[in-house]
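A look at the structure
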Amino acid sequence: RLRKWQERIRTKDAGERNLQFALSEIDRMASALGVPRSVREVASVIYRRALKEDLIRGRSIEGVATSALYAACRKEGIPRSLEEISEVSRVERKEIGRTYRYISQELGLEMRPVDPKKYVPRFCSELELSEEVQTKANEIIEKTAEEGLLSGKSPTGYAAAAIYAASLLCNEKKTQREVADVAQVTEVTIRNRYQEQIEAMGIHG
Amino acid sequence: MTDPKDTINIENVVASTGIGQELDLQSVAMDLEGADYDPEQFPGLVYRTQNPKSAALIFRSGKIVCTGAKSTDDVHESLRIVFDKLRELQIQVNEDPEIVVQNIVTSADLGRNLNLNAIAIGLGLENIEYEPEQFPGLVYRLDDPEVVALLFGSGKLVITGGKKPVDAEHAVDKIVSRLEDLGLLE
DNA sequence: GCTTTAAAAAGTAATGT
DNA sequence: ACATTACTTTTTAAAGC
């Protein structure tokens, strides 16, 4: 009767409020990350699809919203690492990662592995490295990945090592620490990937 | 050329059983040497055997989970030790409790490096999970046998979820032929 | 969903010398 | 620049929150 009708409206309002909250969170995080509006729109679509497929049950709205944004960045070719995403979200990295994998599987997003080259322009820009270094880094990534060196390695660490190597080759040296900071990986990872890459390239560093 | 099947090694066997008797874990924990029992943290009592090496989780209901054994024979041997220990504490244990193997974890080696990026596309992105930012292995779920395989860049792999040792052999056969069909092996 | 147990694979990370 | 320890993934049962 009237009670059921009120309940329906209450539920509808709650659902509407939750959706607004999720979309505003996506907007807030996207702004903090400085990604274009198109990414927010893709993230919104993914979130609405997850909502429609009832994938939010047992998960936090924020976790799904953050994961949708992470997936959208990758789909749009301007990936942010889970580390970077977690800095603008109040959801921890591990939870974002597992929620992303879940919605990715359930929605059949068919996400391709991140190409390390996608990180080169942004990282190099933050390090104020020239176009020449970027080109060299891309060359290193391209050639070594072809030889199978990329299998199982994190895209950020791989890109960081190539940028470090390229900065040395172009006489625009950045320290491992400087590159590690912008890529948010450790110096140890850069050192390990760098050694493999220069060996595969037949370069002596 | 080594047959990948010959490189299969069982790394862990998980099995469940029961003594058919309820237990007072508090007193078992007192009398059983080396027992770890913290009901606030976990309802099961942990008892470790040395030879063969394994860990048994003993519950109030009398049900027991054995994990860490390297073969099904070791599971039976470990549980025989656990049953005898309980009998020493004057606890009635059924004659030959049924032991059910729940999971077998196996490792193997395909003998050549793998291009996981190409394999991800080849096997179909909808059939795999490959997130190197989170984990270096590519996750491949098979329908028959019903197991999960983790493929690594080194060519080594882990097969888990199987209930019989042959499940791992069939899984390796299928994976090898699929990769060969795709021209992604060697 | 979480808690605990074991085990492998390989990458990354934190901490210590 | 090293090593060591520890955590990521997958699987599985158990009882209880």
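Look up a bit, the structure's there.
Residues numbered from 1 in each chain as written. Chains lettered and ligands numbered in written order. Predicted model: local features only at pLDDT ≥ 70, side-chain atom pairs only at ≥ 80, totals over all residues. Heavy atoms only, no water.

In the vicinity of DNA strand D there are 21 residues, among which Lys94(A), Arg191(A), Ser61(B), Asn103(B) and Arg141(B) approach most closely. Between DNA strand D and Arg60(B), the relevant distance is 2.9 Å, taken from a phosphate oxygen to a side-chain nitrogen or oxygen of the residue. Contacts to DNA strand D include Arg141(B), whose side-chain N or O atom sits 2.6 Å from a phosphate oxygen. Of all the elements in the fold, those that place two or more residues in the surface near DNA strand D are α5 (93–106) of chain A together with β5 (63–69), β6 (100–109), β9 (147–151) and β10 (156–162) of chain B. Residue contributions to the surface near DNA strand D peak at three residues, all from β6(B). (Near = heavy atom within 4 Å. Polar contact = N/O pair within 3.5 Å; in protein donor to acceptor, adjacent residues only side chain to side chain. Helix = DSSP H or I, 4+ residues; strand = E, 2+ residues; numbered from the N terminus.)

Residue-level contacts link 21 residues of chain A with 16 residues of chain B. When the two sides are added together, the surface that chain A and chain B hide from each other amounts to roughly 1600 Å², 46% of it contributed by carbon and sulfur. Ranking the residues of chain A by area buried against chain B places Pro113(A), Ser151(A) and Gly152(A) at the top, with a combined share of 30%. Run the count over chain A and chain B and you get two salt bridges. Here Arg101(A) ties to Glu129(B) by a salt bridge, and the two come within 3.7 Å at their closest N and O atoms. Our count for the chain A to chain B interface comes out at nine residue pairs in polar contact (both at pLDDT 80 or more). Secondary-structure elements contributing two or more residues to the side of chain A that touches chain B are α3 (61–75), α4 (82–88) and α5 of chain A. Examining the composition of the side of chain A that touches chain B, we find that six residues originate from one element, α5(A), more than from any other. Class assignment of the residues belonging to the side of chain A that touches chain B gives a composition of seven nonpolar, six polar and eight charged. (Contact = heavy atoms within 4.5 Å. Buried area = accessible area lost by both parts, 1.4 Å probe. Salt bridge = Lys/Arg side-chain N within 4 Å of Asp/Glu carboxyl O. Nonpolar A, V, L, I, M, F, W, Y, C, P; charged D, E, K, R; others polar.)

Take helix α9 (residues 176–183) of chain A next. Residue and element names in this part refer to chain A. Among the residues of α9, Gln176, Val179, Ala180, Val182 and Ala183 are the ones counted as buried. As for α9, its buried residues are in contact with α6 (120–126), α8 (155–169) and α10 (187–201). Glutamine 184 lies just past α9 and shows a positive phi near 55°. (Buried < 20%, exposed > 50% of the residue type's maximum accessible area, 1.4 Å probe, protein only.)

Glancing now at the sheet that holds β5(B). Residues and elements named next belong to chain B. Pairing is antiparallel across the open sheet formed by ten strands, whose spatial order is β2-β3-β4-β5-β1-β6-β10-β9-β8-β7. Only two strands of the sheet have a single partner each, and these edge strands are β2 (36–37) and β7 (128–129). Strand direction decides the pairing type here: strand β4 (residues 54–58) and β5, joined by four bridges, are antiparallel. Residue pairing in the sheet places isoleucine 58 in a bridge with isoleucine 64 of β5. Sitting on the sheet, helix α4 (residues 165–181) is in contact with β1 (9–18), β6, β8 (138–142), β9 and β10, with an inclination near 130° to β10. (Pairing = 2+ DSSP bridges. Axes fitted to C-alpha atoms, helices over the stretch in contact; angles between N-to-C directions.)

This next bit is on the protein's contact with DNA strand C. Among the 30 residues in the neighbourhood of DNA strand C, the closest are listed as Arg98(A), Thr189(A), Arg193(A), Thr67(B) and Ser154(B). When the atoms of DNA strand C within 4 Å of the protein are grouped by moiety, sugar and phosphate amount to 72% of the total. Between DNA strand C and Thr67(B) there is a distance of 2.4 Å, counted from a base nitrogen to a side-chain nitrogen or oxygen. Of all elements in the fold, only α10 of chain A together with β1, β3 (45–49), β4, β5 and β10 of chain B reach the threshold of two or more residues within the surface near DNA strand C. The leading source of residues in the surface near DNA strand C is β1(B), at three residues. Residue classes in the surface near DNA strand C are distributed as twelve nonpolar, ten polar and eight charged.

Turning next to α3(A). Residues and elements named next belong to chain A. Here α3 spans 21 Å end to end across 15 residues, near enough to the 21 Å set by a 1.5 Å rise per residue. With 13 of 15 residues buried, α3 lies mostly within the body of the structure. Just past α3, the residue glycine 77 takes up positive phi, approximately 75°. (Expected span 1.5 Å × (residues − 1).)

Now for the nonpolar core. All names here are of chain A. By size, the foremost hydrophobic cluster in this structure holds 33 residues, and its most contacted members are Ile26, Ile46, Tyr47 and Leu69. Every element with two or more residues in this core is listed here: α1 (2–33), α2 (37–52), α3, α4 and α5. With 32 residues, the next largest nonpolar core counts Phe123, Ile141, Tyr164 and Ala180 among its residues. (Core = buried A, V, L, I, M, F, W, Y, C linked by side-chain atoms within 4.5 Å.)

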